[in-house]
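Next come the chains, spelled out residue by residue.
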Amino acid sequence: MTFCLSGIGSFAKLWKSNPVLLGRGHSYLSLFLTDFCGIRNQQRWFSLKTMSPQNTKATDLLIAKARHLRKDEGSNKQVSSDSSHLFLAGAAKKRSQMNPQSKDHALPPVKNTIELPTKPLNSKEWDKLKEDFKGKVNFESWISSQMAQCRSSVDVAKSLLAWVAAKNNGIVGYDLLVKYLHLCVFHKQTSEVIDVYEIMRARYKSLEPEANTLLIRGLIHSDRWREALLLLEDIKKVMTPSRKNYSDCIQGALLHQDVNIAWNLYQELLAHDLIPMLETLKAFFDFGKDIEDDHYSKKLLDILLYLRNNHLYPGESFAHSIKTWFESIPGQQWKGQFTTIQNSGQCSGCGKTIESIHLSPEEYEFLKGKIMRDVIDGGDQYKKTTPWELKRFKNFVKSCPPFDIVIDGLNVAKMFPKARESQVLLELVSQLAKQNLRLLVLGRKHMLKKSPRWRKDEMEMVREQASCFFADNISEDDPFLLYATLHSGNHCKFVTKDLMRDHKACLSDSKTQHLFFKWQQGHQLAIRNKFPGSGITFQHILSHDTVVQTTGDSWHIPYDEDLVERYSYEVPTKWLCLHRKT
Ligand SMILES: [Zn+2]
């Protein structure tokens, strides 16, 4: 065996891999440790002399895993949690982001028995650390997970791999490599990424999507960015790539001036019904300011219309990119400014009137018909309410004159957890009834049972001032709310905190979704706050539609400010106003 280890005690080990013939003639790729002085002239810490496919246990496992994933294709496009515990790189990151206190079985409650090293350790030091480790799980796996989570430096991780390789005939397991790769990508160490890539390619016939995702992200900054596209193809064999995978590849292509590849990938992303990341769209605008090409310009305008149709708003830096691009178009004299819209619906920058939030009678009838068919009468209802109950409700609504406001009683009552529920509801109903509005309160049968949260006398007063419908406790309120509001007509508004996202998803096409969102913005009364005794205040309903829009020689683009957190039922208040000097 041509295995060599030397100078383990000193820092700055170099990695070197070689095929080694072991007992039964299998060729193994090994990772060698050698003293820094030995191969001083080599630039990289990893290097590789051969790339013969290997037949290690780990490889078999991977191939089996890849087959397993392929089989599942279609039915379940997510990598199962089963497989992610085997390949921990992404899972660790997810855990650290989502739940730092996770009690995952791979992380036993021994977290603080040893401290993560902050500088590279030599073999003896790693041996000592392992001795000190009191956990029952595999030390190497545990420590590498911890390092991936805490974003340890690449050098420290490398010293761990060197130590593991030295103990195991130069072999470093797949999961350790992936965790190391995770750190290399995080710290943007591109040459290290390429070295790990070479090792993995030589050792495994195929990689699972998590490793491919990391490699793509790491490779796009290098000269070998085109290989990221091949890895994307590998992912496609087992699942739909994520929008982040596409984003990385598109940015890699733009970084290397290959516009056609970038647009093709973008089309592919849309064809998969994935919503592109805003940073992907921004990348196209940023790249666009350096090129003069009508075809390219047309595609950027298509992106703006995509934002319009999907009610997406660019972030602040994206808005700046859009402005810069428009102003860079030669000969067109676009001028951009950041501005706001007045309550009258006029742009403070150019004075133009922004599109109205009100639906035309035709639009209203179209939307009403669609919702009645797709949401109320569609298959959806059976999961949420019984057909019998819906029928009982429809008959009830038809027997009443049109309402002015429909209130989701349960949703409203629960908005202020410190106040008694029936009291909040009564306060709202009394306040609106004073304005001579015809009210409908939707509730559940349990609200009528006496309880500390629902007082009978207060509910009685609610019933005196409003029509009420109490559904079975299992029913979902939304279909009732939508039906009653739409049935009452275009003037009728509704009160709920709910966003009715599910129903939006039921609506088949983007035109209907757009109209629904517009109707919701113009008709949903969102409660802003309530002070005891001072009444309930609502969010101001805007008269204009907050959506990307154009008149040909002007564009108005709402955008999100970086430092302003916007609730999902709110719309941005800042606008980019663009118009051509004429
Ligand atoms: Zn304007």
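Structure: see above.
1. Some remarks on unusual backbone geometry
If you check the backbone angles, Asn 169 has positive phi at about 55° while not being a glycine. Considering the arrangement of structural elements, one finds Asn 169 in the loop between helix H6 (154–167) and helix H7 (174–186). In this structure Asn 169 comes out as partly exposed when scored by relative accessible area, which is 37%. In this structure, His 311 takes a positive phi of about 50° despite not being glycine. Relative to the helices and strands, His 311 resides in the loop between helix H14 (294–309) and helix H15 (316–328). A relative accessible area of 10% places His 311 in the buried class.

2. A few points about the packing of aromatic side chains
Tallying each qualifying case throughout the model produces 24 aromatic pairs. Each ring, one from Phe 494 and one from Trp 519, has its centre 5.2 Å from the other, and the planes form 25°; the classification is stacked. A residue pair is termed long-range when its members are at least 10 positions apart, and Phe 494 in strand S7 (residues 493–495) and Trp 519 in helix H24 (residues 510–523) qualify at 25 residues. Just as Phe 494 is buried, Trp 519 falls in that class too. The side chain of Lys 511 reaches across the aromatic face of Phe 366, ending 4.0 Å from its centre.

3. Some details on empty space enclosed by the protein
Under the definition given, this model contains two cavities of 30 Å³ or more. Taken as a whole, the second largest cavity encloses approximately 40 Å³ of empty space. Looking at the second largest cavity, the residues that line it are Ser 144, Met 147, Ala 148, Ala 157, Leu 160, Leu 161, Leu 176, Lys 179, Tyr 180 and Leu 183. If you list the elements that add at least two residues to the lining of the second largest cavity, you get helix H5 (139–149), H6 and H7. Broken down by element, the residue count for the lining of the second largest cavity peaks at four residues, all from H7. Its residues assigned to classes, the lining of the second largest cavity shows eight nonpolar, one polar and one charged.

The rules we used
Residues numbered from 1 in each chain as written. Predicted model: local features only at pLDDT ≥ 70, side-chain atom pairs only at ≥ 80, totals over all residues. Heavy atoms only, no water. Helix = DSSP H or I, 4+ residues; strand = E, 2+ residues; numbered from the N terminus. Buried < 20%, exposed > 50% of the residue type's maximum accessible area, 1.4 Å probe, protein only. Phe/Tyr/Trp six-rings, centres within 6.5 Å; stacked < 30°, edge-to-face > 60°. Lys NZ or Arg CZ within 6 Å of the ring centre and 35° of its normal. 1 Å grid on protein atoms, 1.4 Å probe; cavity = no way out; pocket = protein on both sides within 12 Å on 5 of 7 lines; lining within 4 Å. Points joined across faces, edges and corners; volume = space filled by probe spheres on them. Nonpolar A, V, L, I, M, F, W, Y, C, P; charged D, E, K, R; others polar.

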